[in-house]
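Each chain, written out:
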Amino acid sequence: MNPLIPFVDLSSDFKQHEAAYAKAFLAVGRSGQYILGQEVKKLESALAQQCQTPFAVAVGNGTDAISLVLALYGIKSGDEVICVPNTFIGTIGAIIQAGATPKFVDVDKDYNINPKLLDQAFTSQTKAIIAVHLTGNPAPMNELKAWAKKKGVLLIEDAAQALGAFHQGKAVGSLGDFATFSLHPLKILHGFGDGGFITTHSEAAYHKLLMIRNHGLKNRNEAKYWGVNSRLDELQAALIRPQLATLSNTLDEYK
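Summarised in this report is the structure supplied together with it. (Residues numbered from 1 in each chain as written. Predicted model: local features only at pLDDT ≥ 70, side-chain atom pairs only at ≥ 80, totals over all residues. Heavy atoms only, no water.)

**Things to note about a nonpolar patch on the surface**
Then comes step 1: A cluster of nonpolar side chains, Phe 7, Val 8, Leu 10 and Leu 186, forms an exposed patch at the surface whose accessible area comes to about 460 Å².
Then comes step 2: Looking at the element boundaries, Phe 7 is found in the segment before helix H1 (10-16).
Then comes step 3: For Phe 7, a relative accessible area of 84% corresponds to the exposed category. (Patch = residues over 30% accessible without salt bridge, like charges linked within 9 Å, V, L, I, M, F, W, Y side chains within 5 Å. Areas by Shrake-Rupley, 256 points an atom, 1.4 Å probe, with all protein chains shown as cover. Salt bridge = Lys/Arg side-chain N within 4 Å of Asp/Glu carboxyl O. Helix = DSSP H or I, 4+ residues; strand = E, 2+ residues; numbered from the N terminus. Buried < 20%, exposed > 50% of the residue type's maximum accessible area, 1.4 Å probe, protein only.)

**Quick word on the side chain of Thr 126**
Then comes step 1: Within the secondary structure layout, Thr 126 lies in strand S4 (residues 126-132).
Then comes step 2: Among residues more than four places away in sequence, those in contact with Thr 126 are Glu 80, Ile 82, Ala 121 and Val 153. (Contact = heavy atoms within 4.5 Å.)

**Some thoughts on the nonpolar core**
Then comes step 1: Core analysis: the largest hydrophobic core is formed by 67 residues, its most contacted members being Ile 129 and Leu 144.
Then comes step 2: Among the elements that line this core, the one with the most residues is helix H4 (residues 62-72), at 6 residues.
Then comes step 3: When near neighbours in sequence (up to four residues on either side) are disregarded, Ile 129 contacts Ile 82, Ile 113, Leu 118, Leu 144, Ala 148, Val 153, Leu 154, Leu 155 and Ile 156. (Core = buried A, V, L, I, M, F, W, Y, C linked by side-chain atoms within 4.5 Å.)

**A closer look at the pairing of strand S5 (residues 154-158)**
Then comes step 1: Counting buried residues in S5 gives 5 out of 5 residues, a clear majority hidden from the surface.
Then comes step 2: Here S5 shows a buried face lined by Leu 154, Ile 156 and Asp 158 and a second buried face lined by Leu 155 and Glu 157.
Then comes step 3: Inspection of the sheet shows S4 paired to S5 by 5 bridges, in the parallel sense. Looking at the pairing, Ile 129 lines up with Leu 155 of S5.
Then comes step 4: Between the parallel pair S4 and S5, the chain is carried across by helix H7 (residues 141-151), and the sense of this crossover is right-handed. (Pairing = 2+ DSSP bridges. Right-handed = clockwise from strand over helix to strand, strands pointing away.)

Below, the structure is given as structure tokens:
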């Protein structure tokens, strides 16, 4: 009888990077800096480079990443957000959490959103569209970007499954107004628990996201906005970085 092949084998990945993980753990532990330190900043810089954007913001998980973008743009009760029905519940949960209404648009043969069906879902309450790159296959972003610009709505990439993918030579994460990623253990790049990040080209949005992920604080004693506690831990960032280096090198081999 053939041995069973595990559907998920995170232990093999751990063994591949075990020495780097041990070194990272000791470095963070000895530093005494466990929240929003240099490791998070280094990871954010590397993620931005990977996604061909100037800015990346590390957050607590992929669902928070979507929620923070919706909150940043004041999407609320009475607003509508277009999405697909064949995504993970967290995508829709973030819309519901904002108080908005999800408007489902069916998918095309590639299981990504069908741009030809967008007009029939659009109303005066439509504020954003979330394009899910299902199973790492990018959605038709050129058509979606043109449509979003024409309608004046926010275009968000849900790229939780697609880090490292490219669409017509451009990296996923750089194609919309924002992109949101998960760093859950079952994702291409993962932490030892939950995590996520946001990419954007907007410097103003970047600086605001840095604050609202951390209670809206602009320094230790002053808050500029109402925010949430959605920070990626320093240790998680340090453990993710060795994987990102391996992923980047692997992708370079296929370019």
